Amino acid sequence: MSTLTPGKHVLPAGPTVKGKLSRDDIMMRAGMVIIALYLLVTLAFPLYTMLSKSFSTYRFELSQYEFQVSDETGAFGGAIIDGAALNLRSAAYGDSELNTGSDGRLGVTKLFPDFSFRSPVRYQVRNSVAGGRFLVGSTLNDSIDWLELDSNTFRRVQLRPVKSTGFDNFINYFSTPALFNSIKNSLWISVLSTLITVSIAFWFAYALNRSCMRYKGFFRLVAMAPLLVPSLLPGIALVYLFGNQGMLKELLFGASIYGPIGIVIGSVFFTFPHAFLIISTALAISDSRLYEAATSLRATRWRTFWTVTIPGARYGLISAAFVVFNLVITDFGLPKVIGGQFNVLAVDIYKQVIGQQNFEMGAVVSVVLVVPAIFAFAIDRLVQSKQVALLTSRSVPFQPQVDLKFDRIFLAFCSLIALFIIGILAVCQYAALIKFWPYDLSLSLNNYQFDKMDGGGWRSYFNSIRMALFTAVVGTSIVFFGAYLVEKSNGFRTGRAIFQMIAMLPMAIPGMVLGLAYIFFFNNPANPLNPIYGTMAILVMVSVTHFYTVSHLTAVTALKQMDREFESVSASLKQPTLKLFSRVTVPVCLPSVLDISIYLFVNAMTTVSAVVFLYSPKTTLASVAVLNMDDAGDIAPAAAMGMMIFYTNAAARILHLLASKGILRRTQAWRAR
Amino acid sequence: MIQSTSGQLKSIPTDTRETDPASAPYLSIANLWKAFGAFLALKDISLDIHEGEFVCFLGPSGCGKTTLLRAIAGLDLQTRGSVLQGGLDVSNLPPSERDFGIVFQSYALFPNLTIEKNIAFGLENSGRNKSEIVARVAELLELVGLPEQGRKYPAQLSGGQQQRIALARAIATKPGLLLLDEPLSALDAKVRVHLRHEIKELQRKLGVTTVMVTHDQEEALSMADRIVVMNEGVIEQIGSPTEIYRAPANLFVADFIGEMNQIAASVAADGRLQVGEKSFACLDHNFAAGTAVVAAIRPEDVIPHQTGHVAGEGEENCIDVLLDEMEFLGSFWRCHLRNERFGVSGLIADFSVNAIRRLALERGQTMTVELPDSRLMAFARPEAQG
């Protein structure tokens, strides 16, 4: 009798019930707005500023100025001529010479072939259009009134460029082979490094997960070591090994380590742990039932490998490949140290900005670099979202069988990889301790007298530690609180979705690009946040933002494991959400909170690319000091500083481990049944 | 007493305690709609619940029962319609400004807090001093029968114990309304039956108005004062457990609750139900002659007779069947009876072990069964199949 026709049920017209917000709702929304604002200020606005910079062109518009020259008595009777006509007559500047950057200045005396600063001739100059600008010394003149100057002052007149918007910078970029060749270089270096790293990492992870080889714990530890050093450290080791005076130079048969070879070897070193971790996770979740099925079907080991193992790990492999690709193509430190004349995109940004002060072109290269990085990132996200589906609660973990022959082969292979990793680090340490390679091999601590070198001395080191600590504390708070708000607040769906998207963005943005974007955004005197430029605060800010995504994902994963109804229960008991957050959420998620903080610390210690544009003489950093000392030819001290970073990070890791264990024992008693 | 929008109900006397129709309901839900995009999860739900009542929302998964509970709690606001609690319009209030305690299927106990701290969670910042809180926690632990467990962590308790703690936490602040969202579904069968009884006892003792969501009919039948049967976002029937079981309002309820034989039939001119050339008397239906209906009877209402049994006074609904299959289910036998009139699925009847022995029934024999006219029901045929 009440099986009603569906047509009867139509939502009646009328206003949708709008919930009254509780105090907690309001607070959580306010919190989310604050963190979203933080991300806007530290990420979206700077990137937008950079993007608009890349489309800004500056050119001296000579036709906007008018000149008049007096006779020898100082009386003006001659013709008024505009700058363009003068240039046509004197042929002082070619057309392309009139293109410039935002800081461009153009002297005017070249327009007057018979100019002499001792001449009694006087000059008049004015902007013929409103808004035109020229400098006399450092005084800006933007009126259209005539300004009369003696010849000695006239030589201090400098024209300022006019800004316009368009694709000119990009056209300029792609018509300069020296620049766009870097795209090709960057791409093939990255592809090659990816292929090598992923292959090695796969077999290494395979050996650790699927064989009964010995010393697995040791190999796992060694595989993680490259995470603790700046990416440019392997470059320094390679210089000692294969450089012009290298120990093993002969092994290269005359080829030079400075260039693609060095970059690829170094990239394999510093991307190896990333690839290993991802692939290892993929191999660890295998289901032994599939292998039992394969065995019962009498499949050969080879066939099982290709039909069970590889398909099971394929998402891990693809994900690892894109992560490695992204790391290599966006890395700046390594190609800077060992790239020689081989240009890649990330170094181009540095050269354009630091070397040539051409910020607009730096922005253009940044935009070019972001494209493959975002592409790689997007594919990685897509693949990782599929990885999860492979896990089922009914899977039976795979137990490897002893096979002496295979285990021995794997042991040999892993030893070789471990030798490579330890070797690179050992060479750096050795280089740091000898007096003067290769002439005086006696040991000394001279190279640790950083105060005598470029780069800021020991203060850089302590600055780095301070910066890393701040990043860990501030970053963890922001990231975890932000993730909590996104995960656990009610309603406000669109806002939360946008927040999630912004939180994903930093991973796709190379550090160099972020750093450059910060210059554009924060170095603008009109920006109220300008005062933080050149301080520790901006370094912490850029580091937190640069490493936001991984931290955010860790926090979200931990929060997702919390019962969804905790907030409902707390609300029904009329308790503030903040109480729940501090009494339950944070304590339960403490292991993840600690993981996030050590991740931020280690990365803040090693990062070069994000901070290289932003440090000031007072806030020099250890990782940047490595770069600068290497640049100045002090390679041994650079190695010494690099190893200091390594030991600091290793110590931090150990401390983190001990602290985690201690805190877990105290606060996580409830985990024990 | 009962307002249902989804059709008039059969007038059946209530056999549970009467709630005074004159008194205002404690919880009053009026014309509630919930839309998720284009999907309507709740369609024009209206329902009154009186103070001290234990009401179950029962229905298959996806019927909207949990959505309705969450709307009452303010956890997911309805799209249209109003909720009045204790005479107060709470339609758009956030959960923290409503008066209820809630227990979830997952218990949602805070894993890092001891049992005591879990229960005390809602008592803090409520004007009670420490010793009052301690006393109240002890009282609650006593009430749920776990007085010794206060210092343990939730993970150290069994599922049933955890659920009792969740219950204690929910009633700690003496809320006017207790909401239970499938509280027993995560437990194993034995514990479930035991806890069913305990929750009901506790509710009776405290007199707290309680709404429980469940998909388990046994749970609903054994615990509720009234059951709200829901399907696809509408209320199919509201009534006491016996009403719902004995007099289902429609075929959905008949089919969802308990077992029900269904036989295609039509209403003859004399009001009897025509199945093939055989007609059966049915006391209680008001379908017009010629209507296509479904005749229905519960397996336990089928009465077994010896073969060749001569129908006596009031025993006219007899029919000969083949005893095709017998399943022993402990206290009774489930028998599959064949007669071409009943279609391929035949008729299912539950005969007591006694009856089987007395009549010496064996598989493969023919026998006579009676479908008592007071137990035979008629329902409108669902359009989709009709």
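Analysis parameters
- Residues numbered from 1 in each chain as written.
- Chains lettered and ligands numbered in written order.
- Predicted model: local features only at pLDDT ≥ 70, side-chain atom pairs only at ≥ 80, totals over all residues.
- Helix = DSSP H or I, 4+ residues; strand = E, 2+ residues; numbered from the N terminus.
- Buried ≥ 20, exposed ≤ 12 C-beta atoms within 10 Å, placed from the backbone.
- Contact = placed C-beta atoms within 7 Å.
- Domains from an automatic or database assignment.
- Pairing = 2+ DSSP bridges.
- Axes fitted to C-alpha atoms, helices over the stretch in contact; angles between N-to-C directions.
- Nonpolar A, V, L, I, M, F, W, Y, C, P; charged D, E, K, R; others polar.
- Core = buried A, V, L, I, M, F, W, Y, C linked by C-beta atoms within 7 Å.
- pLDDT = per-residue confidence, 0-100.
- Left-handed = near helix turned anticlockwise from the far one by under 90°.
- Expected span 1.5 Å × (residues − 1).
- Arc of directions from axis to C-beta.

1. A closer look at the overall build of chain B
- Helices and strands together make up the secondary structure of chain B, namely nine helices and 20 strands.
- Once the C-alpha set of chain B is aligned to its principal axes, its extents read approximately 80 × 45 × 40 Å.
- Counting across all 386 residues of chain B, residues that qualify as buried make up 45%.
- Taking contacts inside chain B between residues at least 6 apart in sequence as the whole, the part at least 24 apart equals 66%.

2. Brief notes about the domain arrangement of chain B
- With domains assigned, chain B is organised as domain 1 (27-100 + 175-255) and domain 2 (261-380).
- Once you take the C-alpha centre of each, domain 1 of chain B and domain 2 of chain B turn out to be 35 Å apart.

3. Thoughts on the environment of glutamate 142 of chain B
Residues and elements named next belong to chain B.
- Mapping glutamate 142 onto the fold places it in helix α3 (residues 130-143).
- Looking at glutamate 142, the number of C-beta atoms within 10 Å reads 11, which means it is exposed.
- Along the backbone, glutamate 142 and tryptophan 333 are 191 residues apart, and their C-alpha atoms lie at a distance of 43 Å.

4. Some remarks on the sheet that holds strand β1 (residues 56-59) of chain A
Residues and elements named next belong to chain A.
- In spatial order, the strands read β4-β1-β11; together these three strands make up an open sheet with antiparallel pairing. Strands with a single pairing partner mark the edges of an open sheet, and in this sheet they are β4 (99-100) and β11 (162-165).
- As judged from the two bridges shared by β1 and β4, these two strands associate in the antiparallel manner. Across the sheet, arginine 59 pairs through a bridge with asparagine 99, a residue of β4.

5. Let's talk about the sheet that holds strand β19 (residues 366-370) of chain B
Residues and elements named next belong to chain B.
- Within the open sheet, the five strands sit side by side as β15-β19-β16-β17-β18. Their pairing is antiparallel. One side of each edge strand has no neighbouring strand; the edge strands of this open sheet are β15 (303-305) and β18 (347-352). Mean inter-strand twist for the sheet, computed between neighbouring axes without regard to direction, equals 50°.
- Pairing of strand β16 (residues 318-328) with strand β17 (residues 332-338) involves six bridges; the strand directions are antiparallel. Paired with phenylalanine 328 across the two strands is tryptophan 333, which belongs to β17.

6. Brief notes about the interface of chain B and chain A
- Counting residues at the interface gives 43 residues for chain B, matched by 33 residues for chain A.
- Those elements giving two or more residues to the side of chain B that touches chain A turn out to be β1 (27-36), β2 (39-49), β6 (101-104) and β10 (234-239) of chain B.
- Broken down by element, the side of chain B that touches chain A gets its largest block of residues, three residues, from β6 of chain B.
- Considered class by class, the residues forming the side of chain B that touches chain A number 24 nonpolar, 15 polar and four charged.

7. So, the nonpolar core
- Formed by 282 residues in total, the largest nonpolar core has its most connected members in Ile236, Ile279, Cys428, Leu516 and Met641 of chain A together with Val228 of chain B.
- Beyond its immediate stretch of four places on either side in the chain, isoleucine 236 of chain A contacts Val337, Cys428, Asp630, Ile635, Ala638, Ala639 and Gly642 of chain A.
- Core analysis: the next-biggest nonpolar cluster, separate from the first, contains 16 residues, Tyr65, Val69, Val125 and Phe154 of chain A among them.

8. Digging into the confidence of the model for chain A
Residues and elements named next belong to chain A.
- Across chain A, pLDDT averages 87, with 96% of residues at or above 70.
- Ranking the elements of chain A by mean pLDDT puts strand β13 (residues 440-443) last, at 81, and helix α18 (residues 536-546) first, at 95.
- Residue range residues 1-6 is modelled with pLDDT below 50. Its contacts to residues more than four positions away, or to other chains, number 15 contacts.

9. Concerning the pairing of β6 of chain B
Residue and element names in this part refer to chain B.
- Residues Gly101 and Val103 point to one face of β6 and Ile102 and Phe104 to the other, with burial holding for every one of them.
- Of the pairings in the sheet, the one linking β6 to strand β7 (residues 177-181) comprises four bridges and is parallel in character. Bridging from a neighbouring strand, phenylalanine 104 pairs with aspartate 181 of β7.

10. A word on the pairing of β2 of chain B
All names here are of chain B.
- Counting buried positions along β2 yields nine of eleven residues, so the element is predominantly enclosed.
- Where β1 lies against β2, seven bridges are found, and the strand directions are antiparallel. Bridging across to β2, lysine 34 finds its partner in leucine 42.
- A loop of two residues connects β1 with β2, the two strands running antiparallel in sequence, and glycine 37 in this loop sits at a positive phi of about 65°.

11. Quick word on the domain arrangement of chain A
- Splitting chain A by domain gives domain 1 (23-50 + 455-671), domain 2 (60-163) and domain 3 (180-439).
- Relative placement of domain 2 of chain A and domain 3 of chain A: their C-alpha centres are 57 Å apart.

12. Some details on the environment of valine 542 of chain A
All names here are of chain A.
- Summarising the element assignment, valine 542 is placed in helix α18.
- Classification of valine 542 by C-beta neighbours within 10 Å gives buried; the count is 27.
- With near-sequence residues (within four places) excluded, valine 542 lies in contact with Leu514, Gly515, Tyr518, Ala610, Val611 and Leu614.

13. Thoughts on the packing of helix α15 (residues 457-488) of chain A against helix α22 (residues 590-606) of chain A
Residue and element names in this part refer to chain A.
- It is at 8 Å that the axes of α15 and α22 come closest, and there the two elements cross at 145°. Between α15 and α22 the crossing geometry is right-handed. Here α15 contributes Ser464, Met467, Ala468, Leu469, Thr471, Ala472, Gly475, Thr476, Val479 and Phe480 to the contact with α22, which in turn contributes Val593, Ile596, Ser597, Leu600, Phe601, Ala604 and Met605.
- Counted by class, the contact of α15 with α22 contains twelve nonpolar, five polar and no charged residues.

14. Section: the environment of serine 119 of chain A
- Its location among the elements puts serine 119 of chain A in the loop between β5 (106-107) and β6 (122-127).
- It is 99 Å that separates the C-alpha atoms of serine 119 of chain A and threonine 295 of chain A, two residues lying 176 residues apart in sequence.

15. Some details on helix α5 (residues 189-206) of chain B
Residue and element names in this part refer to chain B.
- Given a rise of 1.5 Å per residue, 18 residues ought to cover 26 Å, and the 26 Å separating the end C-alpha atoms of α5 matches this to within 8%.
- Those residues of α5 lying buried are Leu195, Ile199, Leu202 and Gln203. Around the axis of α5, the buried residues are gathered within 95° of arc, so they sit on the same side. Away from its buried face, by an angle of more than 90 degrees, α5 presents the exposed residues Lys190, His197, Glu201 and Lys205.
- Just downstream of α5 lies glycine 207, where phi reads positive at about 65°.

16. So, the confidence of the model for chain B
Residues and elements named next belong to chain B.
- With 92% of its residues at a pLDDT of 70 or more, chain B shows a mean pLDDT of 87.
- Low pLDDT (under 50) marks residues 1-19, which in the prediction has 34 contacts with non-local residues, meaning those over four places away or in another chain.
- The ipTM assigned to the predicted complex is 0.82, against a pTM of 0.83.

17. Some points on unusual backbone geometry
Residue and element names in this part refer to chain B.
- The phi dihedral of glutamate 232 is positive, around 45°, even though this residue is not glycine.
- Relative to the helices and strands, glutamate 232 is located in the loop between β9 (226-231) and β10.
- Residue glutamate 232 is classed as partly exposed on the basis of its C-beta count, with 19 C-beta atoms lying within 10 Å.
- Phi is positive for alanine 360, which is not a glycine, with a value near 50°.

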